[in-house]
Structures are given as C-alpha cells and as structure tokens.
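A look at the structure
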Amino acid sequence: MGTVRQQIIEHLAQEAMTALDLSQAVGVSEKDVYRHLHHVEKSITGQGRTLHVTPASCSACGFTFRQR
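The following refers to the structure shown. (Residues numbered from 1 in each chain as written. Predicted model: local features only at pLDDT ≥ 70, side-chain atom pairs only at ≥ 80, totals over all residues. Heavy atoms only, no water.)

1. Let's talk about the nonpolar core
Ile-8, Ile-9, Ala-19, Leu-22, Val-26, Val-28, Val-33, Leu-37, Val-40, Ile-44 and Leu-51 together form the largest nonpolar core, which totals eleven residues. Those elements that place two or more of their residues in this core are α1 (4–14), α2 (19–26) and α3 (30–46). Looking at this core, the element that brings in the most residues is α3, giving four residues. Filtering out sequence-adjacent residues up to four positions away, Leu-51 remains in contact with Leu-12, Leu-37, Glu-41 and Ile-44. (Core = buried A, V, L, I, M, F, W, Y, C linked by side-chain atoms within 4.5 Å. Buried < 20%, exposed > 50% of the residue type's maximum accessible area, 1.4 Å probe, protein only. Helix = DSSP H or I, 4+ residues; strand = E, 2+ residues; numbered from the N terminus. Contact = heavy atoms within 4.5 Å.)

Following this line, the structure appears as structure tokens:
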C-alpha cells in the first residue's frame, strides 16, 4: 500500500478529493491529512507535478475561506 503520503498522492492522481475524503481513504484523521499535504506538495513538485488546492467555501453563502 505504501506510506500515508504515497497513498494520498495515488488517490489525488486519480481524482480531486476533499481532506475528508482523503482521511477516509487512507485511514487517518482529517487534521493529519492537512499536515501531510505540505510534504506531498514538496514531493510531487520534485517530480514536475503540481498540487492544486481549492479553498474551502460556505455552501450557504458562498464565502471562500482563503486563509484556511
């Protein structure tokens, strides 16, 4: 299966996923997913790929949380 970070990379290579989706797919907390994403970004940048992060937004009013 690989490390948690390798699993995250594999899942994201297949499709866009939320942090909640990733946490359920790899079996770690959502909070831990956010911690791993910084390192995942460094790893894939070295491979010539990029990580696109869509900021969270409120489904009721559409406000975008750009600092999160």
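So that's the structure; there's more coming.
2. A closer look at the pattern of salt bridges
One pass over the full model with this rule turns up one salt bridge. With its nearest N and O atoms 3.0 Å apart, the salt bridge here joins Arg-35 to Asp-32. With Arg-35 and Asp-32 both in helix α3 and three residues apart, the pair spans about one turn of that helix. You can call Asp-32 partly exposed: its relative accessible area is 25%. (Salt bridge = Lys/Arg side-chain N within 4 Å of Asp/Glu carboxyl O.)

3. Here we look at the packing of aromatic side chains
In the structure shown here, the tally under the stated rule is one aromatic pair. Between Phe-63 and Phe-65, the aromatic rings sit 5.0 Å apart at their centres with planes inclined by 85°, giving edge-to-face as the arrangement. Take Phe-65: its relative accessible area is 31%, and that puts it in the partly exposed class. (Phe/Tyr/Trp six-rings, centres within 6.5 Å; stacked < 30°, edge-to-face > 60°.)

4. Quick word on α2
Those residues of α2 lying buried are Ala-19, Leu-22, Ser-23 and Val-26. For α2, the angular spread of the buried residues around the axis is 100°, confining them to a single face. (Arc of directions from axis to C-beta.)

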